Amino acid sequence: MIVLGIESSCDETAAALVNDKREILGQALLSQEEHHAFGGVIPEVAARAHLEHIDEIIQSALQDAGLGFDDIDAIAAASGPGLIGGVVVGVMAAKALSLALNKPFIAVNHLEGHALTVRLSSDVQFPYLLLLTSGGHCQVLIVKGVGQYERLGGTIDDSAGEAFDKVAKMLDIGYPGGPNLEKRAALGDPKKYDFPVPMKGRKDCDFSFSGLKTAVRVAIEKKGNLSEQDKNDMCAAFQYSVVSEMQDRLKHAISVFKEKYPDAKDMVVAGGVAANKSVRKMIEDLAQKNGLIFSAPPIGLCTDNGVMIAWAGLERFRLGHKDNFDFRARPRWPLDTL
Ligand code: KG4
Ligand code: ZN
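Residues numbered from 1 in each chain as written. Chains lettered and ligands numbered in written order. Predicted model: local features only at pLDDT ≥ 70, side-chain atom pairs only at ≥ 80, totals over all residues. Heavy atoms only, no water.

1. Notes on the packing of aromatic side chains
- For the structure on display, the rule yields six aromatic pairs.
- With a centroid separation of 5.2 Å and an interplanar angle of 85°, the aromatic rings of Phe164 and Phe238 are classed as edge-to-face. One end of the pair, Phe164, is in helix α5 (residues 160–170); the other, Phe238, is in helix α8 (residues 228–260), and 74 residues separate them in sequence.
- Between Arg330 and the ring centre of Trp333, over which it is positioned, the NZ or CZ distance is 4.7 Å. (Phe/Tyr/Trp six-rings, centres within 6.5 Å; stacked < 30°, edge-to-face > 60°. Helix = DSSP H or I, 4+ residues; strand = E, 2+ residues; numbered from the N terminus. Lys NZ or Arg CZ within 6 Å of the ring centre and 35° of its normal.)

See the structure below:
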């Protein structure tokens, strides 16, 4: 069974082919550089760029796999949530192929793509505890099965990725913010600044990052002219606070998870921010201390890509799911409504 997956919900135009032996057969990805000058994604620019490149990206993925359209069994597209102009481009491309080739169309929830990708690379069993942390989202979920999600908590304001990006912008360390900030943090001293750890000790699994972001802004203003080392120290202190908050919130989530599912074994982090090594290490340690097995997608599959959509499409397809052409692309599509 071979599934083609198409991703176009933010600023990556991507396509990939996977099979039911958990092999990535081919992939292609174009990270739109049009947004760099703005320090953030401009939806209209993104939609046009997806439209311009989607055909060649699908062709490149097929070429990479050494396969033709006839070899595909189903076509999946990220159909929400996301920037709707881009999502529509991917969905229309998938529906057109589906109609022309007479092969099923599968509408994949982008967040489900992040949530399930780990099952392509590791032997993770349902139910598992998941921290899904990306540019658009930050939530803790129990993944009970394909299409079965129980949300334990989420951010009450910004996502973690958004905080990384905004702080990087304030420090003028370049776009994309997350990876640049991580590199700077490795050169800094986290103890030089005492940023808050929002939500610490609260008896729920919710997150907040907006106060932390403001604390960095205030520190920048107070310091005046920042040296490169000041910037590195602020990055280190900011990242330390993010990781500390995640740790605190996850400790609580683990106890809820264990109470509900005493026999479950797996704990997973996914989404763009899961590419951060300090985040991964903290969750790995936390899992170990609590008798859980830590897994995460390989770093290259944490940020948006076509493989995650192809894989989630395949997981759905082999359970008999497929979608009609009247399926509408959705700007909002919470996982617990699947
Ligand atoms: O999953 P993703 O590619 O897109 C969304 O679905 O939102 O996540 C992108 C987010 C961005 O905010 C980016 O700055 C962040 O993930 N990110 C990172 C790292 N790599 C990407 N944040 C922290 N450290 C990283 N290494
Ligand atoms: Zn994403």
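Still more ground to cover, so stick around.
2. Describing a nonpolar patch on the surface
- A contiguous nonpolar surface patch, about 240 Å² in accessible area, is contributed by Ile84, Val88 and Met92.
- Here Ile84 is to be found in helix α2 (residues 84–101). (Patch = residues over 30% accessible without salt bridge, like charges linked within 9 Å, V, L, I, M, F, W, Y side chains within 5 Å. Areas by Shrake-Rupley, 256 points an atom, 1.4 Å probe, with all protein chains shown as cover. Salt bridge = Lys/Arg side-chain N within 4 Å of Asp/Glu carboxyl O.)

3. Digging into the packing of α5 against helix α7 (residues 210–223)
- Following both chains from N to C, one finds α5 and α7 inclined at 10°, their axes separated by 10 Å at the closest point. By the angle between their axes, α5 is roughly parallel relative to α7. Residues Lys166, Val167 and Met170 of α5 lie in contact with α7, whose contacting residues are Lys213, Val216, Arg217 and Ile220.
- A class-by-class count of the residues in the contact of α5 with α7 yields four nonpolar, no polar and three charged. (Axes fitted to C-alpha atoms, helices over the stretch in contact; angles between N-to-C directions. Parallel < 35°, antiparallel > 145°, perpendicular 65-115°, else oblique. Contact = heavy atoms within 4.5 Å. Nonpolar A, V, L, I, M, F, W, Y, C, P; charged D, E, K, R; others polar.)

4. Overview of the layout of surface pockets
- Empty space within the largest pocket amounts to approximately 1200 Å³.
- Lining the largest pocket are 41 residues, and of these Cys10, Asp11, Ser134, Gly135 and Asp165 lie nearest its centre.
- For the lining of the largest pocket, the elements supplying multiple residues, two or more each, are β3 (24–31), α3 (110–116), α5 and α6 (177–185).
- Looking at the lining of the largest pocket residue by residue, the classes come out as 12 nonpolar, 21 polar and eight charged.
- Each of domain 1 (2–115 + 301–337) and domain 2 (126–296) gives at least three residues to the lining of the largest pocket.
- Considered as a void within the structure, the second largest pocket measures approximately 290 Å³ in volume.
- Its residues assigned to classes, the lining of the second largest pocket comprises seven nonpolar, six polar and six charged.
- Two domains each put at least three residues into the lining of the second largest pocket: domain 1 (2–115 + 301–337) and domain 2 (126–296). (1 Å grid on protein atoms, 1.4 Å probe; cavity = no way out; pocket = protein on both sides within 12 Å on 5 of 7 lines; lining within 4 Å. Points joined across faces, edges and corners; volume = space filled by probe spheres on them. Domains from an automatic or database assignment.)

5. Some words on the site of ligand 1
- Taken together, 18 residues lie near ligand 1, and His114, Gly135, Asp165, Glu182 and Asp304 sit nearest.
- Here Gly136 contributes a backbone N or O atom positioned 3.1 Å from an oxygen atom of ligand 1.
- Gly161 places a polar main-chain atom, nitrogen or oxygen, 3.1 Å from an oxygen atom of ligand 1.
- Most atoms of ligand 1, that is more than half of them, are within 2 Å of grid points of the largest pocket.
- Both domains that furnish three or more residues to the shell around ligand 1 are identified here as domain 1 (2–115 + 301–337) and domain 2 (126–296). (Near = heavy atom within 4 Å. Polar contact = N/O pair within 3.5 Å; in protein donor to acceptor, adjacent residues only side chain to side chain. Sits in = over half its atoms within 2 Å of the grid points.)

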